[in-house]
Amino acid sequence: EFSYHGPGSSSFGSASPLGAKPMQRSYPMPAYHKRRIEDGESLDEFQHRMREEYIDFLDREADELGVILFEPQSGSSLAAQPWDKAMLKEYVDLARQRGIKVLADEVMCGLARHGEGELFLSKSWDLRPDAVTFGKAVAGGVFPLAGCLVFEGGGRLQDEGRTVLQSHTYAGSNIRALITAREVLKKTKEYKAHIQKMSKALERVMQDAEAASNGNLVTHGMGLMWGLAWSRGSCALDHEQRKKANAALKNACKAHRIWPYFVDMGVMVTPTYDIQEEELSEMGRRLLAAVAEAMSNLGWGESSQHYVSP
């Protein structure tokens, strides 16, 4: 549920990037806007309800499931919302108890962007998945490169003359891409401490922008990946309302010469690893002004009902 499969042009011919494909099943995920705050549902009650829905899903589907995918920090689909660490560990354990392999999708949050110290968030949180996917930072879009770490079965594949390697259109450039990846990984180690430091500065920036929204946006994130998601009751649940709100925010961002990454649920901010605090401050000044202008243009004062990130 809320998994992202890429744009229509690259998601197996699909016209829409979201939604399960054939042979896939969607499990209930604790997305921030699913919490029933209008009914007074507490965070503990919300997490309990999500856990029970997940167990029901596993009881129905476990015999048909070979691999389950978790994105420790959501990307585009939920505007950088991280999982609750303890809850994700429990979800992983419940899947393993049923013999299901676990894949950690760290295409967006991996390679230290998450700010938790290790190269991968699944390592920082001791999730122990069977495989981890990564991309984005490893080549920055310049080289056609992503990867997958598989922790078991390599010897068996080799004995049977099989491989998990795939290459087609870019087969001629795979050596250059791997050389690039090696250099990126070296630099990533150098940036770990800086990412953690800048994470605190970025969090302050995003909290200021949330405050400027009069409760109509909620911020969540970690490391150098944060988001502002529409939390106003009608907007969080209605795609057309979100389109209207995003359009107002886009116009305000143009006026203040700033352009975050716009997604369906709001916006994301994913700075480069070498960003400096003064640059984040300037970005924050412009974003705060844009959010305040958008709220004024939408006529949205203090929201009486809004969703908060778990």
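Residues numbered from 1 in each chain as written. Predicted model: local features only at pLDDT ≥ 70, side-chain atom pairs only at ≥ 80, totals over all residues. Heavy atoms only, no water.

Taken together, the four strands give an open sheet; going across it, the order is β5-β6-β8-β7, and neighbouring strands pair in antiparallel fashion. Each edge of the open sheet carries a strand with a single partner, namely β5 (217-222) and β7 (261-263). Within the sheet, the average angular offset between the axes of one strand and its neighbour, ignoring direction, is 20°. Note: strand β6 (residues 225-230) against strand β8 (residues 266-269), four bridges, orientation antiparallel. Bridge assignment links Trp-226 to a residue of β8, and that residue is Val-269. This element, helix α7 (residues 239-255), spans β6, β7 and β8 of the sheet and lies at about 165° to β7. (Pairing = 2+ DSSP bridges. Helix = DSSP H or I, 4+ residues; strand = E, 2+ residues; numbered from the N terminus. Axes fitted to C-alpha atoms, helices over the stretch in contact; angles between N-to-C directions. Contact = heavy atoms within 4.5 Å.)

Take the packing of helix α1 (residues 43-61) against helix α2 (residues 85-97) next. It is at 11 Å that the axes of α1 and α2 come closest, and there the two elements cross at 15°. Taken together, α1 and α2 sit at an angle that is classed as roughly parallel. Every pair of crossing elements has a handedness; the one defined by α1 and α2 is right-handed. Of the residues in α2, those touching α1 at Gln-47, Met-50, Arg-51, Tyr-54, Ile-55 and Leu-58 are Met-87, Glu-90, Tyr-91, Leu-94 and Ala-95. Of the residues assigned to the contact of α1 with α2, the class counts are eight nonpolar, one polar and two charged. (Parallel < 35°, antiparallel > 145°, perpendicular 65-115°, else oblique. Left-handed = near helix turned anticlockwise from the far one by under 90°. Nonpolar A, V, L, I, M, F, W, Y, C, P; charged D, E, K, R; others polar.)

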